[in-house]
Every structure is written in structure tokens, then in C-alpha cells.
Amino acid sequence: MSKRLWEYGGYWIAGAHGTETLYAYWYDDGRRATRRRSLGTKILDEAKERLIALAGASKSDTSRSPDRVMLLVALDHYYDHDVSKKPSADQAFRSITLIKEFLEEKMLPTAAVSAFGPIRQREFMTWSRDKHEHSANTIARNLSVVSAAFRFGKRLVVVKDGLGNDQEIQLLDMAPDVVTQAKRVAELLDLPPPRPREWLPTYEEFGKFIDAIDVRKENLFRFVVLSLNTWARPSTVLEFRDNEEAVNRRFGTIDLNPPGRRQTIKYRPKIRLTNNLAGWLDLWKEQGRGMGDNGGPALDDAPERHRGAPMMWDGAPINAIKRTFVRHAKDCDLPNFTPGTIRHFMATMVRRQKPPVDKEQRDVWLGHDEKRTANAYEAFDPDYLLDCMQATEKVIAELQKHTKRPLFACKKRARPVLKVVGGRNDAA
């Protein structure tokens, strides 16, 4: 190895024996050895630019001041190293794209984090309303992505650079507070305050929706069944797996939080396994549409996260249902019906049941209060969430009165063999 030509953030550029191509070098503590990677050029200035790109531009300025860090860098840092792996990635990407458009039109693409203070936030609200006709809810949702990016930027996180090495990065030491409440956005724009979601389907409308599901939309029907029984958010339903870690048939419970997933503010509780859902899970297994059956890959060869997925497509679990659901709802003249509506429908209908289910049980079932969620021992109590489970079964039974398609799994019993006993007048 020749002498060091340039150093940058723990890396250095140098030549190599037998070639004029320049290399990036670094010391690997884990292997206790110096490693290298070709930079694909013989020109030092080009090599410097490529090393900066690989190692991360954040090393070129160690300042964490919001006056020095660009807003777009903070947004990209948040997307690349956090939200891109989450179900909300698409929404975050759309919000970031909108912020970039605003910066290009009203500010500068190089605007610093500190520039996005209260005045610029109000300008963004006005711009979003006037140009895109966004509601206060939509504007607040887009601003919440900026707020999340600022919070993430203030955390010390481990990320991989372009050379595959782990680096500790804290992008910001402080950032402006961002308005994220739709009510506050409406006040600043002098708009009527946002109204809470009020639309819910009637039993008749829900029944019509279910009856219109044909055999080609089996996954949609299974999504509806799982949502009715768990009241879970759409992302939770899509990630549900019928395995021993999630479904305890012996004690009749379901843990909606997959193994390895860290609980967030959208808490996923442990609830009761209703008789309705237990019947469907058993029937779906018998029908052989799970992973490893019906011509799919062998169960032993399937990734762990795929095993026991009730909703499959082309040999793999589905990871989205919204488009299919919304399209089907529009075909049924129910444009306000969304995947998340079922959760609100069940919470509302159970609250109306007689005898009433106390709020504590409903909160636990919804995952609204993690302090009330049962510990590992309470879930084994036969009375655990019993009222809530029974009320759920009653709501589904009431819905069954308004739909022709069976909402309760009826396992087909083997037809008995009939033995004909001959009488006196029978032929021999």
C-alpha cells in the first residue's frame, strides 16, 4: 500500500501495488485488519468525491446545528434509516416529495432545518391549501413527517455507510417545533375545525359489502374476518400469523404483536381468541392455502415471517389490501368504507351491546392503554376479556343476519356411510 493521499472521516485514499486505480482504505476493528475498496478512478479529485459519497456527506461537517444541516438532508436521513422499512413508508415518501416541491417553489432546496420555523410552516400550510386543496388533516399529516424527521435526527443512531460499515450518527442537536395537530392547522388557516370521522356502515351496508366478495377476492374476505374478530388496525391484520407464538389455542388467546417487534404508541395487545376466529383459522388450515401448501414453497424453506400467513398471493403473504378494499367499496356504493373502518365499526357496535362491556376491557382489546394490558399470567384467566369476546361474537352474529355469505366457519363433516337393511320383501 502506498502513502496516504487524503483522509476523511476515518477513511483514507491511497494507491495499490500493480495498478494506478485509487482505493479507499479503513481499519476494521472487528477483523483487526485494514480493508480496502476500489474507487474506480485514477484521478484524486474524483476519488475524493466518491469517498465522500460512500462514507456519508454528514462527515464533511460535524456541526449538528440546525443552521448548518439542510432540511432535505434531515428528511432523507429519516426516510433512509427509519421509516423506509415501516408500513407508513409510502405516506412518508409522498410527504417528503411535497416538502421538496415547496422548498423549490417558495424557499431553496438548500434551506436549513432552522429555516422551517413557525413562519415557514404557515407558508407551507397556505401553499398546500391553495395549490393542492389539502385539508387541515392532510396538511397536519404531512407536517408530522417533518416533525418525525427532526426527532429522529436528534437521536444517536447506527447506520451503514456506502462501504458497509456501521457508523454512529446524530444529525441534529436541536430543531424547531412543528405543528402536527389538525385543529391547530385549521386555526392558523381560519378553516372550520376538523370533524372526527363519523361515517360507519350499517349492518345492511356491511352485509352488502361482504356478499359482493367473490371467490377471486378470498384474501379480502379473510381480511374482513380477521378485522371483525380482532378490531385490529389494517397493518396488524396484514402481519398476523397463525403460529404458536401468536395463537395460543390451549388458553384461547392471540398476541397481536409479532415476535421481535418493539411496541410503539400504536400498541398491539394480547386478546381473546374468539370461537368465530378459531373456527376460521382451523378451516383455512384444512383448506391448504397456508404457506407450504397448494403448490407453494415448502414450509421448512419459507422465511419465518411468512409462516402461518392466512392471506397469500403468488406464493407469499400479501402486504397491502387498501386498493382492493377501496375499489370493492366503491363498487358497492360505499366510498367512505376503508380498511380502518372495521375497527371503528366493531368498537362502536360492542359499546352498544347489552349488557354493556366496561371501558377497561374495550381499551385493552383496542390496545389504547398498555398499562391495562394483561401480563403473561392474567391472559390465562378464563374470565380474561370474556365480556369483550362474547360481545364480539354477538356483533358478528347480528351481521350474519344481513349477509348471505356464512360468517361462521362450518367444517364439512364426512358424509356417513349408509347401510341398507333389507326387509322381508327385498330380493335376495
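Keep in mind that this is a model prediction, so the values were computed, not measured. (Residues numbered from 1 in each chain as written. Predicted model: local features only at pLDDT ≥ 70, side-chain atom pairs only at ≥ 80, totals over all residues. Heavy atoms only, no water.)

A. The arrangement of the overall build of the chain in detail. Secondary structure summary: the chain contains 14 helices and eleven strands in total. Counting over 428 residues, the chain shows a buried share of 43%. The long-range fraction of contacts in the chain, counting pairs at least 24 apart against all pairs at least 6 apart in sequence, stands at 61%. For the chain, the accessible area works out to roughly 25300 Å², and carbon and sulfur atoms hold 49% of it. (Helix = DSSP H or I, 4+ residues; strand = E, 2+ residues; numbered from the N terminus. Buried < 20%, exposed > 50% of the residue type's maximum accessible area, 1.4 Å probe, protein only. Contact = heavy atoms within 4.5 Å. Areas by Shrake-Rupley, 256 points an atom, 1.4 Å probe, with all protein chains shown as cover.)

B. Region of the structure containing helix α12 (residues 341-351). Of all eleven residues in α12, nine are buried; the element is thus mostly enclosed. Residues of α12 that are buried: Thr341, Ile342, Arg343, Phe345, Met346, Ala347, Thr348, Met349 and Val350. Of the surrounding secondary structure, the elements contacted by the buried residues of α12 are α7 (203-211), α8 (218-230), α11 (322-331), α13 (359-366) and α14 (386-400).

C. Fine view of the packing of aromatic side chains. Under the criterion given, the structure shown has 21 aromatic pairs. When the centroid spacing of 5.4 Å and the interplanar angle of 85° are considered together, the rings of Phe102 and Phe124 count as edge-to-face. With a gap of 22 residues between them, Phe102 in helix α3 (residues 89-106) and Phe124 in helix α4 (residues 118-132) connect regions that are remote in the sequence. Each member of the pair, Phe102 as well as Phe124, is classed as buried. Site record: aromatic cluster; members linked through ring pairs are Trp199, Tyr203, Phe206, Phe209, Phe223, Phe325, Phe337 and Phe345. Over the ring of Trp12 we find Arg4; its NZ or CZ atom is 3.7 Å from the centre of that ring. (Phe/Tyr/Trp six-rings, centres within 6.5 Å; stacked < 30°, edge-to-face > 60°. Lys NZ or Arg CZ within 6 Å of the ring centre and 35° of its normal.)

D. Quick look at the pattern of salt bridges. Applying the stated criterion across every chain yields a total of 18 salt bridges. Among the ionic pairs, Arg249 bridges to Asp282, the shortest N-O distance being 3.2 Å. Remark: Asp282 occurs in helix α10 (residues 275-287) and Arg249 occurs in the loop between β7 (247-248) and β8 (253-255); sequence separation between them is 33 residues. (Salt bridge = Lys/Arg side-chain N within 4 Å of Asp/Glu carboxyl O.)

E. Just the packing of helix α2 (residues 71-81) against α3, in detail. Running from N to C, α2 and α3 point in directions that differ by 170°, and their axes come no closer than 11 Å. What the angle tells us is that α2 and α3 run roughly antiparallel. Between α2 and α3, the residues in contact are Leu71, Leu72, Leu75, Asp76 and Tyr79 and Ala89, Phe93, Ile96, Ile99, Lys100 and Leu103, respectively. (Axes fitted to C-alpha atoms, helices over the stretch in contact; angles between N-to-C directions. Parallel < 35°, antiparallel > 145°, perpendicular 65-115°, else oblique.)

F. How the structure looks around the nonpolar core. Phe206, Phe209, Val224 and Ile342 are the most contacted members of the largest nonpolar core, which totals 56 residues. Those elements that provide at least two residues to this core are α7, α8, α9 (234-238), α10, α11, α12, α13 and α14. For this core, the element with the highest residue contribution is α8, accounting for seven residues. If near-sequence neighbours (up to four positions away) are discounted, Val224 is found in contact with Phe206, Phe209, Ile210, Ile213, Phe325 and Ile342. The next biggest cluster of nonpolar side chains, apart from the first, holds 41 residues, and it includes Leu71, Tyr78, Ile96 and Ala186. (Core = buried A, V, L, I, M, F, W, Y, C linked by side-chain atoms within 4.5 Å.)

G. Structural context of the sheet that holds strand β9 (residues 270-272). Reading across the sheet, the three strands line up as β7-β8-β9 and stay open at both edges, with antiparallel pairing between neighbours. Of all strands in the sheet, those with a lone pairing partner are β7 and β9, marking the two edges. Taken together, the two bridges between β7 and β8 define a ladder with antiparallel strand orientation. Across the sheet, residue Asn248 finds its bridge partner in β8, namely Thr253. (Pairing = 2+ DSSP bridges.)

These figures capture arrangement, not role.
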